[in-house]
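# Secondary and tertiary structure notes
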Amino acid sequence: MRNLMSAAILALLFATACPLWAQRVCPGYSIVIDTPEDKLTLAYNGAENPQEQIAAIDRFVQEHPDSEFLPCAYEYYTMAYLKLNQFDKVVEYGEKGLSGNYQDLMLMLNLLKGYVSSGKTSDLAFQVVLKAPAEIKEENTPSRAPNVSDEEWKKVEEDAATQASEQRAYMEYAFFQLLQREPDGSKRAQWLDEFVKAYPDSPNQAQINFNYFIAYKLTNNVEKLNEYGEKAVASDPENVYTLNVVADDYASRQFSVDKAEEYAKKALELAPKMTKSEGMGDDDFKAQQNRQLGLAHFTVGQVDLQRGAQRHRVAGAIDEFKAAADLLEGNPQLQGRALYYLGYANEVIYPPKHQAAIEALTKAAELPSPWQGEAQSLLAKVKAAAK
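This one's a predicted model, so the numbers in the text were calculated from it and none came from an experiment.

Cut-offs applied
Once a new chain begins, its residue numbering starts again from 1 and follows that chain's sequence as written. Residues qualify for local features only when their pLDDT is at least 70, as the model is predicted, and side-chain atom pairs are given and counted only at 80 or more; totals for whole chains, interfaces and linings, by contrast, use all residues. Based on all heavy atoms of the structure, the side-chain values leave hydrogens and waters out of the count. Put simply, DSSP marks the helices as runs of H or I at least four residues long and the strands as runs of E at least two long, and each gets a number from the N terminus on. Two things to know: the radius of gyration comes from C-alpha atoms, and the globule rule equals 2.2 Å times the number of residues to the power 0.38. Residue burial is assigned from relative accessible area. The probe radius is 1.4 Å, only protein chains are included, and a residue is buried under 20% of its type maximum, exposed over 50%, and partly exposed in between. Only one rule defines a salt bridge in this text: a Lys or Arg side-chain nitrogen within 4 Å of an Asp or Glu carboxyl oxygen. In this analysis a 1.4 Å probe is tested at points of a 1 Å grid over the protein atoms alone, and where it fits but cannot get out there is a cavity; an open set with protein on both sides within 12 Å along at least five of seven lines is a pocket; lining residues have an atom within 4 Å of a point. Grid points are joined across faces, edges and corners, and a volume is the space filled by probe spheres set on the points. Gly falls in the polar group here, along with every residue not listed as nonpolar (Ala, Val, Leu, Ile, Met, Phe, Trp, Tyr, Cys, Pro) or charged (Asp, Glu, Lys, Arg). As a rule, the C-alpha atoms of each element are fitted with a line to give its axis, helices using only the stretch in contact, and angles between N-to-C directions run from 0 to 180 degrees. Here roughly perpendicular refers to angles of 65 to 115 degrees, roughly parallel to angles under 35, roughly antiparallel to angles over 145, and oblique to all remaining angles. By convention, the crossing between two helices is left-handed when the near helix turns anticlockwise from the far helix through less than a right angle, and right-handed when the turn is clockwise. By definition in these notes, contact holds between two residues if any of their heavy atoms fall within 4.5 Å. Aromatic pairs are defined between Phe, Tyr and Trp rings, using the six-membered ring for Trp, whenever the two ring centres lie within 6.5 Å; interplanar angles under 30 degrees are classed as stacked, those over 60 as edge-to-face, and all others as tilted.

## Side note on the overall build of the protein
- Helices and strands together make up the secondary structure of the protein, namely 18 helices and zero strands.
- Taken against the 2.2 N^0.38 rule, which gives 21 Å for 387 residues, the C-alpha radius of gyration of the protein at 28 Å runs more than 25% over that of a compact globule.
- Taking the principal axes of the C-alpha coordinates as reference, the protein spans close to 95 × 45 × 40 Å.
- Looking at the 387 residues of the protein, the share that counts as buried comes to 47%.

## Here's the deal with the pattern of salt bridges
- Within the structure shown, the criterion is met by 19 salt bridges.
- Across the salt bridge formed by Glu 230 and Lys 259, the nearest N and O atoms sit 3.1 Å from each other. Of this pair, Glu 230 sits in helix α11 (residues 222-235) while Lys 259 sits in helix α13 (residues 257-270), placing them 29 residues apart in sequence.
- Note on Glu 230: relative accessible area 24%, which makes it partly exposed.

## Observations concerning the layout of surface pockets
- As a volume, the largest pocket reaches approximately 890 Å³.
- If you trace the largest pocket, you find 32 residues lining it, with Phe 210, Asn 239, Tyr 241, Thr 242 and Val 245 closest to the centre.
- Those elements that place two or more of their residues in the lining of the largest pocket are α8 (150-179), α10 (205-219), α12 (240-253) and α14 (282-308).
- Of the residues forming the lining of the largest pocket, the biggest block, nine residues, is contributed by α12.
- When the residues that make up the lining of the largest pocket are grouped by side-chain class, the tally is 12 nonpolar, 12 polar and eight charged.

## Description of the packing of helix α4 (residues 70-83) against helix α6 (residues 105-118)
- Relative to each other, α4 and α6 sit at 40°, their axes nearing to 10 Å. Taken as axis vectors, α4 and α6 run oblique relative to one another. Crossing handedness for the pair α4 and α6: left-handed. Counting all contacts with α4, which are made through Glu 75, Thr 78, Met 79 and Leu 82, the residues of α6 involved are Met 106, Leu 107, Asn 110 and Lys 113.

## Quick word on the packing of aromatic side chains
- The final tally for this structure, using the stated rule, is 28 aromatic pairs.
- Pairing Phe 175 with Phe 176 gives two aromatic rings, centres 5.3 Å apart and planes at 80°, and the pair type is edge-to-face.
- With relative accessibility at 0%, the residue Phe 175 sits in the buried group.
- The class of Phe 176 is buried, set by a relative accessible area of 3%.
- Through a chain of ring-to-ring contacts, the aromatic side chains of Phe 126, Phe 175, Phe 176, Trp 191, Phe 195 and Tyr 199 assemble into a single cluster.

## Details of unusual backbone geometry
- Backbone torsion omega between Tyr 350 and Pro 351 reads -5°, so that peptide bond is classified as cis.
- By secondary structure assignment, the location of Pro 351 is in the loop between α16 (332-348) and α17 (354-366).
- A positive phi angle, near 60°, is found at Asn 85, a position not held by glycine.
- Turning to its location among the elements, Asn 85 is positioned in the loop between α4 and α5 (87-97).
- Given a relative accessible area of 51%, Asn 85 falls into the exposed group.
- The phi dihedral of Gln 254 is positive, around 55°, even though this residue is not glycine.

Written as C-alpha cells, this is what we have:
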C-alpha cells in the first residue's frame, strides 16, 4: 500500500518503475519531510501492532488538534481499530473523517466495514454507498507515468479495473446488509430508489426486487407488494428463501392461494437440495434447511385450511401443520405459529379432535411467540368445549 511521501520521492518512483495499482491511503495529501504529519506516517507504518499505531495517532491528534491532516489521522484510526475488531471505534472515527468536505475510498470502505460488523446502520452509511461509484471511478483511473511500457501500463489498468470491481461489489454487499436493519419501510424503499440510480448496472437485481417486496410489506403497499412479489420470484426462481417468504405472504393475505401453494411446493422440492455455505457448521445448516422445509409445510397447510375450513375437510392441513411444527423446533416464534394453527385445525375438522387441539395449543401457549396469547385464549375455549 502506497505510503504518503514527498512529491519529489513520488516523482522519482514513478519515473523509475510502474507500481502495482493498490488501494491508496489518504490520496490528495502531500507530506513534507520532518513535519508532524511525516512523523505520524513514519510512526504508524513503523509500529509493531495496532495498539502502538493508535498511540501514535493519539499523540498527533492531541498535539495538533487544528491540523488539516486530521481526516487522514481519523482514517489511520479506522485502519487500526479494524485490526482490533473494535467496530464501534471504526464507525466513530470514520464518521469524524467524513464530517467535513474530505472523502476518500479507503475511509468510506472502512466506515462501512465498521457498520456492517457492528450491526448498526445510519443515513450516513447509506449516503456513503450512494457516493461510492463516483469515488471508485476517480480513484481507479490511473495516470500513465513516463517511461512505462505498454505491457506494464496494461497491467496497471487491469489491476485498477479489478480493484474497482471488488470495491463496487463490497459497496453493494454493505448496502443490502444495512438495508435489513432499517425498520422504516418507506425509508427502505427510498434508499432502494437511490441505489438503483447510483448502481444502474447492478448484478443484484434479485436482491433489489426482494428488498422492494419487504419494504412494501412493511408499508402495507398492497399493489406494489404484489408486483414485487412476482418480480422477486421471477428474478430468482430457485431461491428457497424468496419462495417461502412470498408464499407465506400470499397465503396469509389470501391474495393468491394458488401461487402460494405453487411457490411453497417448489420450496419443498428445492430445500433438500440446498448446499451448505462455506464456514457453516453441520448443525446450523440442518437447522436452516429444516426452517425452510417447515415454512413451506406451514404455507401448504394454510392453503389447505383456507380451502377446506367451511366443509371441515382439513385433514391435509393438520398433516402439514404437524410437519411444520416438528421441523421448526428450536424456533419458538415460527413453531408457536405452527402449533397454534395445528390446534385450530383440529377444532375445525369434524368431528373436532379436542385432545389433539389441547396438546398443540398447550405447547403453543408455553412458547414465547406472538401467538402465545391467542393460543392461551383458544386453549381455554377448547378445554371448555371438551368437558
